[in-house]
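An overview of the molecular structure
Residue-level listing of the chains:
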Amino acid sequence: MEGNFSPARLLSKVLLTALLTTCVAFLEPFDLLYENAVQAFYDSDYDNVVRFMEGALRSHREVRSTRIRCRLRCQDQHQLGQVFSESRFFDAVIRRAACMDACVEKKLGSQSVHKVSEDVVQDFNRRIPYNYLQLAYQKLKQPDKAAAAAHTYFQANPEHVEMGKNLEQYKDLQGVQEAHFVDREARPHQRSFTAAVKLYDKGDFEGSIALFEEALVEYYKADVECRALCQWPQKFEGYDYLRYRYSLYEVISVGRLEEALRSALSYLLFQKGEEFVTENVAYYREALGHDGEPREEAVWYLRRHKQELELLLIGSGTMGVEFTEGNYWSSTGGRDDYSRIPSSTDGWMEYVPISEKKKVRAVAQLREGGPLLYDGVQLVQNSAALNGTQRVLLDQVITREECSALKHLAHAVTVAGDGYRGRMSPHTPNEKFEGATVLKTLQYGYEGRVPMSSARLFYDISERARRIIESYFLLNSTLHFSYTHLVCRTAITGQQDHRSDLSHPIHADNCLLDPEANECWKEPPAYTYRDYSALLYLNGDFEGGEFIFTEMDAKTVTASVKPKCGRMVGFSSGGENPHGVRAVTKGQRCAVALWFTLDPLFRELERLQADEVIQALDTQAVWGQSLSINPKDEL
């Protein structure tokens, strides 16, 4: 504890406490509040974790709402309107920017005080503060507030297995009610939509219509606010409620054919040619005996944002583009960054021909052959040799000594069903499945249950694998960890006779494989944000267990890989690479499984926490400080 004492940090805490209690008009920067909350967490000061973190969330909300109000006001005062020349366009933009700066500074003070790092922005986007709050409220014996914080975090991070387990435990706690599981970050249109869906499922169509109409109105408001805040069409990350199986424009008009036709036609403005809705339109027309028009607000919405797009393209000097009603194409046939707007279903519409999208993907698939970065790593087979695209097989990624150390680590830390909601055999009842995360191994290292050097090795070799994959496939942006897992599959004695199943069935990592249709649907519950995958093997002394690539039919094997120490197979995570694992019929097969994403919003939370632990370890090594981390409680 003494080694981490900082007079500056102590003074910061004192000042923050004073300001929060005595100066209501002063808006403390949310990044400073957040930093103090995190430090309080590592100091086991849970009262201040709640105090500072709740203050950070309030400050973040106030900054956002103030910027929205100011930008909307300044947009009204300095409209781009009929601006069709570069000089007038930029003059209007500059005047609007000056107006916004003056308005924000009048409300919040100097904007420089409220400028925060991209890392902090990403943490708030990913709702990381609610993870800290969940743990703090848990320690303070306030399970109702812990449940709300956990639920709020889980809405944006549904892949976080541990939080899912925590939520299940909260449901069984005395004093915790269903009403406590609320999304504290939910917007009005989300709440209305969720309530409407519940009524729809109960058969209360009149009640659901009113709420769906309310959701539409609130959604338009939210869209205006989002555009004002971002000054450009933005993707609503993680809002999977927009992908609900019922068409929003259809269900609001159940039993009212006139409104149903108008709503369906409105839907087709955003999703042209959607088969199910097109069939409904034909039915409504036949039943009514006449045609209809889309809803006015939908037409206005589409036209308004098309005009915004044109104005911004004029101002940026973009040439050679052609606009049609509902489509935007580049005259060069390539994809443009401006070629998408929010849709009513999945948050985006792509205005790129299907043939062009396939062409872009095919070009990307050919990018491979970059340096392997580490001495001794050997290229065994590339995509062509593996009969596919974006595939690679490497040997000697780690040494025999490292394989041995990681296998011993696996025997000490892996737990049956870990990472798969505790299911002992998540893929087949004929094998036992065990796993552990990087953070868990570091916790065991702190507790002295395994050598810290082995825990650190797991962390280091996963980073080595990430760098190799990023370099070999010549990626132009950083590859982030999405999930890291030390896994072992063990054949269960007495259950191997006449086996016809696989150790891990054929699948793709970021889409739902449909062998019958020869398609892979990139939609939840698939981990759609995963971009690359890798398996680093620790041993080969077992029977069966070959890794296989197949065609989309999930039957035709295109390549087979026999695991051995230091061998790694890497590949892109989409439908171009269906894969699975043949049955392990004798012995134990161990590997490090890695999934990566190019989207920093979906970075692995436990990896970020592990990064902090490693940083603390390195600081300790350099300065000889003692660590104020209680790994058993906080890791």
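Residues numbered from 1 in each chain as written. Predicted model: local features only at pLDDT ≥ 70, side-chain atom pairs only at ≥ 80, totals over all residues. Heavy atoms only, no water.

For clarity, the threshold we go by: UniProt positions are given in the numbering used here, feature names are shortened, and annotations may be inferred rather than shown by experiment.
The protein has the name procollagen-proline 3-dioxygenase in an unreviewed UniProt entry, where Takifugu rubripes is given as its organism. Regarding the protein, the relevant UniProt record gives this comment under Sequence similarities (unreviewed entry): "Belongs to the leprecan family."

1. Regarding the environment of S266
The condition that has to hold: Under the scheme used here, helices are H or I runs from DSSP no shorter than 4 residues and strands are E runs no shorter than 2 residues, and both carry numbers assigned from the N terminus. Exposure classes here rest on a 1.4 Å probe applied to the protein chains alone. A residue is buried below 20% of its type maximum, exposed above 50%, and partly exposed in between. Pairs of N or O atoms are called polar contacts if they sit within 3.5 Å, as long as, within protein, a hydrogen donor faces a hydrogen acceptor (for residues adjacent in sequence, only side-chain-to-side-chain pairs).
Checked against the element boundaries, S266 lands in helix α12 (residues 257-270). Overall, the relative accessible area of 0% leaves S266 in the buried class. At 2.8 Å, the side chain of S266 forms a polar contact with the backbone oxygen of R262.

2. Section: the sheet that holds strand β10 (residues 504-507)
This is how the line gets drawn: One bridge is not enough; two strands pair if DSSP finds at least two bridges between them. To get an axis, a line is fitted to the C-alpha atoms, and for a helix only the part in contact is used. The angle between two axes follows their N-to-C directions and goes from 0 to 180 degrees.
Read across the open sheet, the 4 strands follow the order β10-β18-β15-β16; overall the sheet is antiparallel. Two strands bound the open sheet, and with one partner strand each, they are β10 and β16 (557-561). Between one strand axis and the next, the sheet turns through 20° on average, direction left out of account. Summarising the sheet, β10 and strand β18 (residues 579-581) pair through 2 bridges and their orientation is antiparallel. Within β18, the position partnered with H507 by the bridge is H579.

3. What about the packing of helix α3 (residues 46-77) against helix α6 (residues 128-139)?
To keep things clear, this is the line we draw: Whether a crossing is left-handed or right-handed is set by the direction in which the near helix is turned from the far one by less than a right angle, anticlockwise for left-handed and clockwise for right-handed. The contact definition used throughout considers only heavy atoms, calling two residues in contact when any of these lie within 4.5 Å.
Running from N to C, α3 and α6 point in directions that differ by 150°, and their axes come no closer than 9 Å. Read as a crossing pair, α3 and α6 show a hand that is left-handed. Across the interface between the two elements, Y46, V49, V50, M53, E54, L57 and R61 of α3 pack against P129, Y130, Y132, L133, A136, Y137 and K139 of α6.

4. A closer look at the pairing of strand β13 (residues 532-537)
The element β13 is largely enclosed, with a buried count of 6 among its 6 residues. Residues Y532, A534 and L536 line one face of β13 and the alternating positions S533, L535 and Y537 line the opposite face, and both faces are buried. Alignment of β13 against strand β17 (residues 568-572), held across 5 bridges, turns out to be antiparallel. Each residue of the ladder has a partner; that of A534, found in β17, is G570.

5. As for the packing of aromatic side chains
Think of a pair of aromatic rings as described by two things: how far the centres are apart, and how the planes are tilted against each other in angle. Using the following cut-off: Centres within 6.5 Å are what make two rings of Phe, Tyr or Trp a pair, Trp counting through its six-membered ring; a difference in plane orientation under 30 degrees is then read as stacked, over 60 as edge-to-face, and the rest as tilted.
Applying the stated criterion across every chain, the model contains 17 aromatic pairs. With 5.6 Å between their ring centres and 50° between their planes, F481 and F596 make a pair best called tilted. Of this pair, F481 sits in strand β9 (residues 480-491) while F596 sits in strand β20 (residues 588-597), and the two are 115 residues apart along the sequence. Each member of the pair, F481 as well as F596, carries the same accessibility label: buried. Where F547 meets F571, the ring centres are 5.6 Å apart and the plane angle is 35°; that geometry is what we call tilted. Highlighted residues: F547 in strand β15 (residues 547-550) and F571 in strand β17, separated in sequence by 24 residues.

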